[in-house]
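# Coordinate inspection notes
These are the residues of each chain, in order.
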Amino acid sequence: MRETGPLRVWAYARTADPAPHALADQLAGLCRETARRGYQLINCGMDACRPNCLHRPALFTMMKAVREHQVDAVMVTRLSRISYNGRWMFYFLCFLQDNGVLLITTEYELHYMVYRRGFERPLLARSAQCGCVPWLTFWEETDADQL
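This structure is a prediction, so every number in the text was calculated from the model and none was measured.

Here we take up the confidence of the model for the chain. Here the chain averages 83 in pLDDT, and 86% of its residues register 70 or above. Confidence, expressed as mean pLDDT per element, reaches its minimum in the chain at helix α6 (residues 138–146) with 43 and its maximum at helix α2 (residues 57–67) with 95. Contacts from residues 142–147, a stretch scored under 50 in pLDDT, to residues over four places away or in other chains number zero contacts.

Have a look at this one:
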């Protein structure tokens, strides 16, 4: 991750909701939140599919940008936008960690969701080895601003 300048963020939205406006509303909310926090929006993508569907061009484009170190963080509304499948979710979190990229959620406290899924200890152990922070939540960011 870069040391200077605003956080470079990729916003990613996914939904299986058949309503035509649901996906656009989700992505617009992420873009507004990125601007509100003062981050630099590098790109955004959206997939209209079931959570465990593998045909997700926007997700794979975002992952390519992560591998190429074009972004510092990925922003989603909640962890389930990536997958409901625990194994895929854990692999994705490890992928972000391996590339030094943060995951930011806007609707749920990510640390709690990681804890509930049983990922907290393995991710923190991996974090100690590679030296990268696995997630950044709204609550931690707000507390840091007040210090």
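All chains considered together, the criterion is met by six salt bridges. Between E33 and R36 there is a salt bridge, with its nearest N and O atoms 2.6 Å apart. Pair noted here: E33 and R36 are both in helix α1 (residues 20–36), with a separation of three residues, about one helical turn. Overall, R36 belongs to the exposed group, its relative accessible area being 52%. Taking the shortest distance from any N to any O, the salt bridge between K64 and E68 comes out at 4.0 Å. Classification of K64 as partly exposed rests on a relative accessible area of 45%. It is possible to trace a salt-bridge network through shared partners that takes in E33, R36 and R37.

Positionally, A16 belongs in the loop between β1 (8–15) and α1. A16 sits 65 residues away from R81 along the chain, and the two C-alpha atoms are 9.8 Å apart. Excluding anything up to four places from it in sequence, A16 contacts C49 and R50.

Turning next to the sheet that holds strand β4 (residues 102–105). Here four strands make up an open sheet; going across it, the order is β2-β1-β3-β4 and the pairing parallel. In this open sheet, the two strands that pair with only one neighbour each are β2 (40–48) and β4. Across the sheet, the mean angle separating the axes of adjacent strands is 25° when strand polarity is ignored. With eight bridges connecting them, β1 and β2 associate as parallel partners. Along β2, the bridge assignment pairs R8 with Q40.

What counts as what
- Residues numbered from 1 in each chain as written.
- Predicted model: local features only at pLDDT ≥ 70, side-chain atom pairs only at ≥ 80, totals over all residues.
- Heavy atoms only, no water.
- pLDDT = per-residue confidence, 0-100.
- Helix = DSSP H or I, 4+ residues; strand = E, 2+ residues; numbered from the N terminus.
- Contact = heavy atoms within 4.5 Å.
- Salt bridge = Lys/Arg side-chain N within 4 Å of Asp/Glu carboxyl O.
- Buried < 20%, exposed > 50% of the residue type's maximum accessible area, 1.4 Å probe, protein only.
- Pairing = 2+ DSSP bridges.
- Axes fitted to C-alpha atoms, helices over the stretch in contact; angles between N-to-C directions.

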